[in-house]
Structure formats: C-alpha cells, structure tokens
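Residue-level structural notes
Each chain, letter by letter, is given below.
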Amino acid sequence: MSDAVLNISAYLFVPLPDRAELRPRLLAQCQAAGLKGTILLADEGINLFLAGAAQALRGFLAELRADPRFAPLEAKESWSAQQPFRRLLVKLKREIIRMDHPAIQPAAGRAPGVDARTLKRWLDQGHDDAGRPVVLLDTRNAFEVDYGTFENAIDWRIAKFTEFPQAVQAHRAELEGRTVVSFCTGGIRCEKAAIYMHGIGLPNVLQLDGGILKYFEEVGGAHYRGDCFVFDGREALAPDLSARSAHSSARRAEDPDIAIKA
C-alpha cells in the first residue's frame, strides 16, 4: 500500500470526571506509539483525530478500549502517504464540540440514527420507509460545506457550531413534517444537533451515524457532490477517501474554542 499512514477519527460521549488524570496517560501512550494528532477530553467525553503506523495506532486504540468506558469507541479509518499532523496534542476542554447548551447531554441518551446504507436507499427512492420526504441538514460551518455536501442539503451558512440552535429556531418551518437527517464530518456535531432538535419538539429527526466519512466508507459518493473537508494536512477527502493534499500540516482552526471537529 503506497498510503502507509493510518488516519483515524473517533469520538464518544461518556462522562469523564477524571479527564485531568487521563490526559498525561494518553499523551504518554501516544508518544510511545509515535502518533500525532489531537485528543480532546471533556466532562462529556473524548474526541480524537490521530495518525501513525497502522499497528501502533490500532494498538493504542486497543489500550484505550481496555477501559470499559471506551469499549464502544468506533474509529473511522482512512490512509495517507504522509503524516498529516505536525504534532501531538492532548487537551482538556469544556466541551468536545462547543455548543453552549449545557442541557444537551449525549451521554445520557443519543438521538435516533440512520446508517449510511439506509440513507442511500431512502435517497434513491425519494422518501423514508414511512413515506415521508427526507431532508438532509448540514450542521457544519459554511466554509466546510463549500468543499462539498449532499445534493439538495439544507445549509444555513453558519460560521461556527454555536450558531446552530439559533439557526434552527429561525428556519424551523423548513423541517416540519419531514424526516430530518442531520449530518457532519464524523458524527459529533450532528449528534448534538439531533438531540437539540428533539428537545424543541421536532420528532422526526435522525443523525447520520458516523457522518460523511462513514458514508464514504460504506457507500461511496452516491448523492454527494464534492469533497469533505478535514481538519488536518490532507485538507479534504474525496468519496473514495483519497486526500486532496499530501503535506504535513496542523489542522485549520476556524473556531478557537475547539481544536478538532467531527
């Protein structure tokens, strides 16, 4: 394989009251494995983008999952010819994805989801299995959407995720009476978004499990146009998960309050 560097993205909403103690341990494990990238730790869970040699990276994930709290952690994989990160960071944050809505607690219960293959089938047939029209809601920042998105997806041109709740309130009528599928890069933002929409009384809201990257991995680029921006030196991934760029670079920091997004 010419692309010798394994890249993974993963997150899990799980209470981490000991996150300060976890930080040096995870940092040491990643350093020992020669990994680079970013891990965020917050009360609400863990979010990580890492890259390195496949055996070392999968070994780190096995160590991480040995902690029962992280056993359900699922990682999305892709490959690159070069290391896409310049350094390793393990950071403590208030939220692993900032929304500024403390009542949104994904660890207490997820919103319903839809897998990639089912979503493709719905898009192929033009409705969900109950016959309702399906609307796709992009929860990412506007500059990310400009790299690519699903056909006919709703894009409210938000500049940062903290603007999402206000955008929902302003555009709620667009979602009424439809099955809404929220999506993002890897699932973390659309999970919080779906919980928020359920909380304000929109009942037919689903999150795309695993986000765009899982969709690419399982069904390719059907009903998607363009690439998917990623927060590392690869810049963006095509539906076949090939990278637009091949240089080592820190991720683009659009929001100073989060180090990586998914």
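Presented here is a report on the structure given in the accompanying data block. Everything quoted here is computed from the prediction, not taken from an experiment.

Below, the discussion takes up the packing of aromatic side chains. For the coordinates displayed, the defined rule picks out eleven aromatic pairs. Between Tyr 11 and Phe 13, the ring centres sit 5.6 Å apart and the planes meet at 75 degrees, which makes this aromatic pair edge-to-face. Per residue, the accessibility class of Tyr 11 equals that of Phe 13, and both read buried. Taking 4.9 Å as the distance between ring centres and 90 degrees as the angle between the ring planes, the aromatic pair formed by Phe 216 and Tyr 224 counts as edge-to-face. Here Phe 216 matches Tyr 224 in class, with each residue buried.

Attention shifts here to the environment of Leu 241. Tracing the chain through its elements places Leu 241 in the segment after strand 13 (236-237). Taking relative accessible area as the criterion, Leu 241 reaches 17% and is therefore assigned buried. Along the primary structure Leu 241 and Ser 78 are separated by 163 residues, whereas in three dimensions their C-alpha atoms are 6.2 Å apart. Not counting residues within four places of it along the chain, the set of residues in contact with Leu 241 comprises Glu 77, Ser 78, Trp 79, Leu 213, Phe 216 and Glu 217.

This paragraph deals with helix 6 (residues 188-199). Taking 1.5 Å per residue, twelve residues should reach 16 Å; helix 6 reaches 17 Å between its end C-alpha atoms and fits that length. Across the twelve residues that make up helix 6, a large majority, ten, are buried. All of the buried residues along helix 6 are Ile 188, Arg 189, Cys 190, Glu 191, Lys 192, Ala 193, Ala 194, Ile 195, Tyr 196 and Met 197.

Cut-offs applied
Residues numbered from 1 in each chain as written. Predicted model: local features only at pLDDT ≥ 70, side-chain atom pairs only at ≥ 80, totals over all residues. Heavy atoms only, no water. Phe/Tyr/Trp six-rings, centres within 6.5 Å; stacked < 30°, edge-to-face > 60°. Buried < 20%, exposed > 50% of the residue type's maximum accessible area, 1.4 Å probe, protein only. Helix = DSSP H or I, 4+ residues; strand = E, 2+ residues; numbered from the N terminus. Contact = heavy atoms within 4.5 Å. Expected span 1.5 Å × (residues − 1).

Bear in mind that shape data such as this cannot, by itself, settle questions of function.
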